[in-house]
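Coordinate analysis (summary)
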Amino acid sequence: AASTDPSGDLSGRRIVISAGGTREALDPVRFLGNRSSGKQGIALAKAAHAAGAAVELVAANIDTGLLTGLPAGITMTPVESTLELQSAMHSAQVWADAIIMAAAVADYRPAEATESKMKKSGDDGLTLRLVQNPDILRGLVDERSRQTSLRHQIIVGFAAETGDVATAALDYARAKFERKGVDLLVFNDVSGDRAFGHDETMVQIISSDRGEIVVGEEFHGSKDHVSQKVIAAVSDQFTHVES
Ligand code: CTP
Ligand code: CA
């Protein structure tokens, strides 16, 4: 039977969604983090569940208040750091029909985390040495190309971009789409006052059709509304892959 759900029909599909933002420990009590609330990822998990999918939510530091009341069918794996998120995503990948990387991943982590609390020393400032984190999304795309059993997996990235004098936000997103090797990239324009934590958002879904980049129309609305559009686009990808 055709689904009447606005997000399409994902019955029998297994969807893994990362949400929130990773934190990188400096010492037992301090971390480097970002302002991602996890609301977008939770909205996606709910939309995928409503469309009939089995959902695993890999939750990076999401407020417990936001996680209460999640439908029972959504399983949750909590993670903190980028390396923990990476290993949780690779474990989940073997199970998944589609992966959506909505988490805000720290690009860098401290080169070393101390086991005891850092102490102030002298009167000077402090220089932290950071090392680059692995690109989890890239790793998932690479793993898919290595495993024939994963060939039909759909992989979706997110890109929150701001424009600058040289380049428009959308152009950065287009370049990211090409670089990442994903099937869909959800571009979110965060220029100006369209900052993190707001309930209203605007996205455009970037995909490709026979080698040409296709930029979808602008979707404005709540994170729930935008999530339905993203899940509908994932649902479309399944029909493309299988036809
Ligand atoms: N991502 C990831 N691993 C990283 C960084 C990002 O999996 N180490 C994922 C994010 O979850 C998102 C997508 O990649 O789905 C794009 O994230 P973004 O930070 O925009 O991309 P970067 O490659 O880190 O590029 P930038 O220099 O613009 O931050
Ligand atoms: Ca980044």
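Keep in mind that this is a model prediction, so the values were computed, not measured. (Residues numbered from 1 in each chain as written. Chains lettered and ligands numbered in written order. Predicted model: local features only at pLDDT ≥ 70, side-chain atom pairs only at ≥ 80, totals over all residues. Heavy atoms only, no water.)

This part takes up the overall build of the protein chain. Looking only at helices and strands, the protein chain has six helices and 13 strands in total. For the protein chain, whose C-alpha radius of gyration is 19 Å, the value lies close to the compact-globule estimate of 18 Å for 243 residues. Its C-alpha atoms give the protein chain principal-axis dimensions of roughly 70 × 45 × 35 Å. Counting across all 243 residues of the protein chain, residues that qualify as buried make up 42%. Pairs at least 24 apart in sequence give 66% of the contacts found in the protein chain among residues at least 6 apart. Accessible surface, the protein chain: about 13,100 Å² in total, of which carbon and sulfur atoms supply 47%. (Helix = DSSP H or I, 4+ residues; strand = E, 2+ residues; numbered from the N terminus. Rg over C-alpha atoms; globule rule 2.2 N^0.38 Å. Buried < 20%, exposed > 50% of the residue type's maximum accessible area, 1.4 Å probe, protein only. Contact = heavy atoms within 4.5 Å. Areas by Shrake-Rupley, 256 points an atom, 1.4 Å probe, with all protein chains shown as cover.)

With that settled, consider the coordination of the calcium ion (ligand 2). In this structure, Asp107 (OD) and Asp107 (OD) serve as the protein donors to the calcium ion (ligand 2), at separations of 2.4 to 2.6 Å. Along the chain, Asp107 turns up in the loop between β6 (98-101) and β7 (108-110). (Donors = N, O, S within 2.8 Å, 3.2 Å for Na, K, Ca; no water.)

Another point: the pattern of salt bridges. In this structure the tally under the stated criterion is eight salt bridges. Close ionic contact of Asp171 with Arg174 constitutes a salt bridge, the shortest N to O distance being 3.5 Å. Within this pair, Asp171 and its partner Arg174 are both found in helix α5 (residues 169-180), separated by three residues, close to a single helical turn. Residue classification places Arg174 among the partly exposed residues on the basis of a relative accessible area of 31%. Between Asp209 and Arg210 there is a salt bridge, with the nearest N and O atoms lying 3.6 Å from each other. Given the relative accessible area of 77%, Arg210 is considered exposed. (Salt bridge = Lys/Arg side-chain N within 4 Å of Asp/Glu carboxyl O.)

The next thing to look at is helix α1 (residues 39-50). The end-to-end C-alpha distance of α1, which contains twelve residues, comes to 16 Å, matching closely the 16 Å that a straight helix rising 1.5 Å per residue would cover. Among the residues of α1, those classed as buried are Gln40, Gly41, Ile42, Ala43, Leu44, Ala45, Ala47 and Ala48. (Expected span 1.5 Å × (residues − 1).)

Turning our attention to the site of ligand 1. Not every one of the 13 residues close to ligand 1 is listed here, only the nearest: Met101, Ala103, Leu137, Lys176 and Lys180. Between Met101 and ligand 1, the recorded distance is 2.7 Å, taken from a backbone N or O atom to an oxygen atom. Elements represented by at least two residues in the shell around ligand 1 include exactly α4 (136-146), β9 (154-161) and α5. With three residues, the top contributor of residues to the shell around ligand 1 is α5. (Near = heavy atom within 4 Å. Polar contact = N/O pair within 3.5 Å; in protein donor to acceptor, adjacent residues only side chain to side chain.)

Right, let's get into a nonpolar patch on the surface. Taken together, Tyr108, Leu126, Leu128 and Leu130 make up a surface patch of nonpolar side chains, about 390 Å² in accessible area. Residue placement: Leu126 occurs in the loop between β7 and β8 (130-132). (Patch = residues over 30% accessible without salt bridge, like charges linked within 9 Å, V, L, I, M, F, W, Y side chains within 5 Å.)

On to the side chain of Arg144, then. Within the secondary structure layout, Arg144 lies in helix α4. Among the polar contacts listed, one links the side chain of Arg144 to the backbone oxygen of Gln153, at a separation of 2.8 Å. Every residue in contact with Arg144, bar those within four places of it in the chain, is listed here: Gln93, Leu150, Arg151, Gln153, Ile154, Ile155, Gly181 and Asp183.

A word on the UniProt feature "binding site: CTP" (unreviewed entry) in the protein chain. Under the feature "binding site: CTP" (unreviewed entry), the UniProt entry names Asp107, Lys117, Pro134, Asp135, Ile136, Leu137, Phe158, Lys176 and Lys180. For the annotated residues, spread through 74 residues, the largest C-alpha to C-alpha distance comes to 38.1 Å, inconsistent with a single compact locus. By the element assignment, Lys117 lies in the loop between β7 and β8. When neighbours within four sequence positions are excluded, Lys117 is seen to be in contact with Asp27, Pro28, Val29 and Arg30. (UniProt positions renumbered as here; feature names shortened; annotations may be inferred.)

Turning next to the confidence of the model for the protein chain. Considering every residue of the protein chain, the mean pLDDT works out to 93; 94% of them sit at 70 or more. For this predicted complex, the interface confidence comes out at an ipTM of 0.99, alongside a pTM of 0.95. (pLDDT = per-residue confidence, 0-100.)

What follows concerns the nonpolar core. Ranked by internal contacts, the top residues of the largest apolar core, which has 35 residues, are Ile15, Ile17, Leu57 and Ile100. Of all elements in the fold, only β1 (14-20), α1, β4 (54-60), β6, β9, β10 (184-189), β11 (200-209) and α6 (223-242) reach the threshold of two or more residues within this core. Not counting residues up to four positions away in its chain, the partners in contact with Leu57 are Ile17, Ala19, Gly41, Ile42, Ala45, Leu67, Leu70, Ile74, Thr75, Met76 and Thr77. With 27 residues, the next largest nonpolar core counts Leu140, Val141, Ala159 and Leu185 among its residues. (Core = buried A, V, L, I, M, F, W, Y, C linked by side-chain atoms within 4.5 Å.)

So, about the packing of aromatic side chains. Considering all chains together, one arrives at zero aromatic pairs under this definition. In this arrangement the basic side chain of Arg13 is found over the ring face of Phe238, its NZ or CZ atom lying 4.1 Å from the centre. (Phe/Tyr/Trp six-rings, centres within 6.5 Å; stacked < 30°, edge-to-face > 60°. Lys NZ or Arg CZ within 6 Å of the ring centre and 35° of its normal.)

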